[in-house]
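# Fold and contact review
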Amino acid sequence: HYMLWRLYGNIPVIDHLLTPDEYDYPQSTPQEAYDFMINELDAYVIGNLPETVSGMEIGRVTNGAALALKAKIVLFHNDETMMAEIASELKAVIDGGTYSLEDDLGYVFSNEGEFCNESVFEINHSEASNWGDWGWLSGGEGNIQVIMIGIRDYSGPEYSAGWGFSTVTPDLVDQYDAADLRKAATIIDVDELQGTYKEGYQHTGYFSKKYAPIDENTNSANPMTNYNNNIRVIRYSDVLLMASEAIIRSGGNLTDAQLYYDMVRERAFGDDTNNKNLSADQAGLDLIYEERRLEFALEGIRYWDLIRTNQAATALAAAGWTANKNEYLPIPQVEIDKTSGANKLVQNPGY
């Protein structure tokens, strides 16, 4: 529901197994979907999950992940009445000591870093199934995103060849301070490599390092569809920065907000010499939003942050993004047609 709600806004809220005569299910408003998700989490999920999992259970959802998801939903909806509540809940997650920042961001995105101390929730992928059916990619267990973002036709040390999509913008590269260790853990500069490659679509010379293809991460029989790179959905640094933001927005303890923000900055620079002082106003929030861009670059978080903070129309103006249309995707016509003319799925404005 959370994923569909962000993408489409007006979605059917399904709270039970549908019978065939219920397939023409009506849409709910974004507010109704929001209320449903928060109620589900509070009434049935949070408090009913383990704090940690181990062994064969690794990868299952924990209570910390549920609390972090609730915070993400509240922040995306900009529900100011809930800021103090999620600030308190995230503080409990932090004080619980289950999670901690790893010393090296690069380690977090390595094979060895899967389900590390910083992992709150991640989607597990495996190269073991050796899937190779291009007609049914969803049937495999590998991460196909990896081959798509790799350097096109690359031949050289360290990386495997990819298709060259989703190149990194020079604007993002320029946002990193020279002393910021996250830059080297996030971005590949092809001019610094010894191998050869071909320029692909929207070539900039920069590629994602967090999910870059590496030979050891895939199956040699069908490598393109079988990368084992887990998708890091929620990291502990996200919990820290969400807590810091919620504290400021609820008028909470600025000392705690500063502490959580400093933890992320100090990991990024290796010490406290580059710390910045938060303030309990929009300027303080802007520092947190800037930090989120650098910390979670190329992890699929920035776009949603731009929308929820009302920055998308400015940041994405060159792409033609407009607030009264592009905040939602068009509902697929095939789904509208399935309602058999019942008009229960109404197209989003602007499409």
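Quick look at the structure, then. (Residues numbered from 1 in each chain as written. Predicted model: local features only at pLDDT ≥ 70, side-chain atom pairs only at ≥ 80, totals over all residues. Heavy atoms only, no water.)

Attention now moves to the overall build of the chain. Each helix and strand in the chain was counted, giving 14 helices and four strands. Within the span of the chain, comprising 351 residues, buried residues form 44% of the whole. Sequence separation of at least 24 residues holds for 62% of the intrachain contacts in the chain that already meet a minimum separation of 6. Approximately 17,400 Å² of the chain is accessible, and the part contributed by carbon and sulfur atoms is 52%. When the 24 positive and 54 negative side-chain charges of the chain are each reduced to one mean point, those points stand 4 Å apart. (Helix = DSSP H or I, 4+ residues; strand = E, 2+ residues; numbered from the N terminus. Buried < 20%, exposed > 50% of the residue type's maximum accessible area, 1.4 Å probe, protein only. Contact = heavy atoms within 4.5 Å. Areas by Shrake-Rupley, 256 points an atom, 1.4 Å probe, with all protein chains shown as cover. Lys, Arg positive; Asp, Glu negative; His and termini not counted. Charge placed at Lys NZ, Arg CZ, Asp CG, Glu CD.)

The next point concerns the packing of aromatic side chains. In this structure the tally under the stated criterion is nine aromatic pairs. Between the aromatic rings of tryptophan 5 and phenylalanine 76, the centroid separation amounts to 5.4 Å while the plane-to-plane angle is 70°, which identifies the pairing as edge-to-face. With tryptophan 5 in helix α1 (residues 2–8) and phenylalanine 76 in helix α3 (residues 63–77), this pair connects stretches of sequence that are 71 residues apart. Look at phenylalanine 76 and you get buried, because its relative accessible area is 14%. Through pairs of rings, three or more aromatic residues link up here, namely Tyr2, Trp5, Tyr34, Phe76, Tyr303 and Trp304. Positioned above the aromatic ring of tryptophan 304, the side-chain terminus of arginine 6 is 4.3 Å from the ring centre. A cation sits over an aromatic face here: arginine 152 above phenylalanine 165, 5.8 Å from the ring centre. (Phe/Tyr/Trp six-rings, centres within 6.5 Å; stacked < 30°, edge-to-face > 60°. Lys NZ or Arg CZ within 6 Å of the ring centre and 35° of its normal.)

In this section: unusual backbone geometry. With phi around 55°, asparagine 130 is a residue other than glycine that occupies positive phi space. As for its position among the elements, asparagine 130 is in the loop between β1 (119–123) and α6 (145–149). The phi torsion at glutamine 202 lies on the positive side, around 55°, for a residue other than glycine.

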